[in-house]
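Observations on chain architecture
Chain residues, written in single-letter form:
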Amino acid sequence: MSSFDRARESLGRRLRELREQTGLNGKQFAEALGWQATKVSRLENGQRTPSRSDITAWAEAADAVAVTDELLTLTAALDEMYATWKRQLKAGFGPRQRKSLEAEGQTRFLRGFQCSVVPGLVQTPDYARRVFEHNSALHGFAQDIDDAVDIRMRRQQVLYESRQRLHLVMTEGALRHTTVTPHVMRAQLDRIISVSTLANVVLGVIPFDRQLPVLPLHGFMIYDEQTVRVETVTAELTVADPAEVQLYLKIFKALADAALYGKDLRTHLIELQAGLAD
């Protein structure tokens, strides 16, 4: 069970306690709220995350308005741990990029792994634009692509901050399986080669001919061994449970140990450039 699941179950137990204090069973409480009984059951069993309006209605029906703020705080924490793209991108890509800009600026040691896309911190403007266009088409909104590209480029200032350290790893698949043109990909490979020479950046690529020590199911970013962010198709997960963070650190180290670095990496990238079709 993930930390998110545990937190949602904990909130569910709190809601059940408040409902039981009324002396009503689940069905009766649902009727008082004008809900289906299954909704009450799913909320109490941690199978569904309540909305702010759900929380307000629950507290009123349980004659527990005094704890509304407490419940809303718990719900907000859940929203941070599991932030759907539908909710995050309603205002556009820009606000989400600013969130990353702030988080990265406060991080002293940033680790990142990607298996299917070049990490945002080393993307060229043209490559980043294609990524945002793809996500815009997928989710059906967030058209502020110019603003998003600009902020993503501003995020890359962290690469040159001497007080900060970065270790970025990607698979060769992130460089081979792409929707950008060969021209854009050549420039992107040039960018990776350039970043690989920076003093405070360790950048590696796991080539196809290396046996993977662990199965890379998805990409992730680790911030100062404190939190991990994982992007899925539908949402962004924030992991803060120490045991879970340590597991991500273990996986990152295993993947990083399989990567090419330095001169060997640059030779490999030049070979990839040469193999791109015109």
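Think of each chain on its own: its residues are numbered from 1, step by step along the sequence as written. The model is predicted, so local features are restricted to residues of pLDDT at least 70 and side-chain atom pairs to those at 80 or more, both for listing and for counting; the totals for chains, interfaces and linings are taken over all residues. Working from all heavy atoms in the structure, the side-chain values ignore hydrogens and water.

Some thoughts on the confidence of the model for the protein
- Known as pLDDT, the predictor's per-residue confidence is scaled from 0 to 100. Looking at the protein, the pLDDT average stands at 93 and 99% of residues meet or exceed 70.
- The way it works is that DSSP assigns letters per residue, a run of H or I at least four long becomes a helix, a run of E at least two long becomes a strand, and they are numbered from the N terminus. When pLDDT is averaged over each element of the protein, strand β4 (residues 201-206) comes out on top at 98 and helix α6 (residues 85-88) at the bottom at 84.

Section: helix α8 (residues 125-139)
- Over its 15 residues, α8 extends 21 Å from the first C-alpha to the last, a length consistent with the 21 Å expected when each residue adds 1.5 Å.
- Here α8 has its buried residues at Tyr 127, Ala 128, Val 131, Phe 132 and Ser 136.
- Only heavy atoms enter the contact rule, under which two residues are in contact if any of them lie within 4.5 Å. Residues of α8 that are buried sit in contact with α7 (93-105), α9 (145-155), α10 (173-176) and α11 (182-195). In this scheme, a helix's expected span is set at 1.5 Å multiplied by one less than its residue total. Categorising residues by exposure relies on relative accessible area from a 1.4 Å probe, with only protein chains included: less than 20% of the type maximum marks a residue as buried, more than 50% marks it as exposed, and the intermediate range marks it as partly exposed.

Quick notes on the nonpolar core
- As used here, the term nonpolar core means buried Ala, Val, Leu, Ile, Met, Phe, Trp, Tyr and Cys residues forming a set that is joined through side-chain atoms within 4.5 Å. In this structure, Leu 175, Ile 192, Leu 203 and Leu 269 are the most contacted members of the largest nonpolar core, which totals 30 residues.
- Mapped onto this core, the elements with two or more residues apiece are α8, β3 (165-171), α10, α11, β4, β5 (220-223) and α13 (262-274).
- If one sorts the elements of this core by residue count, α11 sits on top with six residues.
- Leave out the neighbours within four places in its chain, and Ile 192 touches Val 118, Val 122, Met 170, Leu 175, Leu 203 and Leu 269.
- Listed in part, the 19 residues of the second largest apolar core include Leu 11, Leu 43, Ile 55 and Trp 58.

What about the environment of Arg 108?
- Structurally, Arg 108 can be placed in the loop between α7 and β2 (109-114).
- Residue class for Arg 108 comes out partly exposed when judged on its relative accessible area of 49%.
- Sequence separation of Arg 108 and Glu 225 is 117 residues, and the distance between their C-alpha atoms is 9.9 Å.
- Not counting chain neighbours up to four residues away, the residues in contact with Arg 108 comprise Arg 163, Gln 164, Arg 165 and Asp 224.

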